[in-house]
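# Structural characterization, general
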Amino acid sequence: MESVRSIEILVADDHPIYRDGMVQAIGRQPDMRVVAECADGDEAAEKIARLSPHVAMLDRRMPGLDTVDILDRIAEGSIATRVLVISAHTDPDGVAEILEAGAAGYLAKDTARDAICAAIRRVADGQTVIGYEVQQAVADHLQARRERRRSLLSDREHEVLELLAAGASSQEIADRLILGQSTIKTHTRNLYEKLGVNDRAAAVAEAMRRGLLR
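So, here is what we can say about the structure in this document. Every chain begins its residue count from 1, and numbering advances along the sequence as written. Only residues with pLDDT of at least 70 are given local features in this predicted model, and only at 80 or more are side-chain atom pairs given and counted; all residues enter the totals for whole chains, interfaces and linings. Calculated side-chain values reflect all of the structure's heavy atoms, with hydrogen atoms and water omitted.

## Focus: the packing of aromatic side chains
What counts is decided by this rule: Pairing of aromatic side chains requires ring centres within 6.5 Å, counting the rings of Phe and Tyr and the six-membered ring of Trp. Pairs whose planes differ by under 30 degrees are stacked, by over 60 edge-to-face, and all others tilted. Only Lys NZ and Arg CZ are tested; either one counts as a charge over a ring when it is within 6 Å of the ring centre and within 35 degrees of the ring normal.
Scanning the entire structure with this criterion turns up zero aromatic pairs. Over the aromatic face of Tyr18 sits the side chain of Arg113, whose NZ or CZ is 5.1 Å from the ring centroid.

## Remarks on helix H3 (residues 67–76)
The test is simple: A 1.4 Å probe rolled over the protein chains alone gives each residue an accessible area, and that area as a share of the maximum for its type sets the label: buried under 20%, exposed over 50%, partly exposed in between. Helix and strand definitions here come from DSSP, where helices need a minimum of 4 consecutive H or I residues and strands a minimum of 2 consecutive E residues; each element is numbered from the N-terminal end. It is the directions from the helix axis to the C-beta atoms whose arc is reported. For this analysis, residues touch if any pair of their heavy atoms sits within 4.5 Å. What qualifies as a polar contact is a pair of N or O atoms within 3.5 Å, subject to a donor-acceptor requirement within protein and to the restriction that residues adjacent in sequence count only when both atoms come from side chains.
Of the residues making up H3, those classed as buried are Thr67, Val68, Ile70, Leu71 and Ile74. For H3, the buried positions fall inside an angular range of 160° around the axis, keeping them on one side. Structurally, H3 contributes buried residues whose contacts are with helix H2 (41–51), strand E3 (55–59), strand E4 (82–87) and helix H4 (92–100). Backbone nitrogen of Val68 and a side-chain oxygen of the N-cap are separated by 2.8 Å at the start of H3; the cap is Asp66. A positive backbone phi angle near 50° is found at Ser78, which sits one or two residues after H3.

## Observations regarding the packing of helix H7 (residues 155–165) against helix H8 (residues 170–177)
Note the cut-off: Under this scheme, a helix contributes an axis fitted over its contacting stretch, all axes are lines through C-alpha atoms, and angles between N-to-C directions fall in the 0 to 180 degree range. Relative orientations are named as follows: roughly parallel for angles under 35 degrees, roughly antiparallel for angles over 145 degrees, roughly perpendicular for angles from 65 to 115 degrees, and oblique for any other angle. Handedness of each helix crossing follows the sense of rotation of the near helix against the far helix: counterclockwise by less than a right angle gives left-handed, clockwise gives right-handed. Under the grouping applied here, Gly and all other residues not named as nonpolar or charged are polar, the nonpolar ones being Ala, Val, Leu, Ile, Met, Phe, Trp, Tyr, Cys and Pro and the charged ones Asp, Glu, Lys and Arg.
Taken N-terminus to C-terminus, the directions of H7 and H8 make an angle of 130°; their axes are 10 Å apart at the nearest point. It follows from the interaxial angle that H7 and H8 lie oblique. The handedness of the crossing between H7 and H8 is right-handed. Of H8, the residues touching H7 (which contributes Arg156, Glu159, Val160, Leu163 and Leu164) are Ile173, Arg176 and Leu177. Its residues assigned to classes, the contact of H7 with H8 shows five nonpolar, no polar and three charged.

## Considering the side chain of Ser87
With respect to the helices, strands and loops of the structure, Ser87 is situated in strand E4. A polar atom in the side chain of Ser87 sits 2.9 Å from the backbone nitrogen of His89. Beyond its immediate sequence surroundings of up to four residues, Ser87 is in contact with Asp59, Arg60, Tyr106, Leu107, Ala108 and Lys109.

## Let's talk about the packing of H7 against helix H9 (residues 181–195)
At their nearest, the axes of H7 and H9 sit 9 Å apart, and the two run at 90° to each other. By the angle between their axes, H7 is roughly perpendicular relative to H9. Contact with H7, carried on its side by Arg156, Glu157, Val160, Leu161 and Leu164, involves Ile184, His187, Thr188, Asn190, Leu191, Tyr192 and Lys194 of H9 and no other residues of that element. For the contact of H7 with H9, a count of residues per class yields six nonpolar, three polar and three charged.

What follows is the structure, encoded as structure tokens:
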């Protein structure tokens, strides 16, 4: 009879009640085994390097070594461990940073235990898992950016802004949009006022800060 594959898992979280709950939930799965549990990033990095578990389930924010640094060490050491991040924080910038650093998954901390175990299996199988709550937070963020762009600048002003960011001169912008230079100067002056700046470089920097440029 073929034996069931045992997925080796490291659980790292500085909240003992949550960590113990996950260890118990994983322990009830016939195809999973917790090989280590950690309360901080330094301990997690050391045990990942030593044990090379199939999956490391990491809290995003822990004392000691930052989760992004742990991911960097895994990549630098060519460690086969795949990382599933579980966090109460689903801000899009933070999610993007974690995924860019090499995490194979990101779930909200209030995700049901059974769903987390299912995600561990998928991550161990080489898949990428992004929780619904995380996807929704990112989608809401992108929608808000679109709404800010629409409400702050007119469509024409946004076209001028994108061409300014691309380095086009006033004449080049006028030629591209089939408008007179005086009209382009009016649009440029209006968008400067709306952004609270006085020149092209400042306009581009402020627009990027506000998420107005793609």
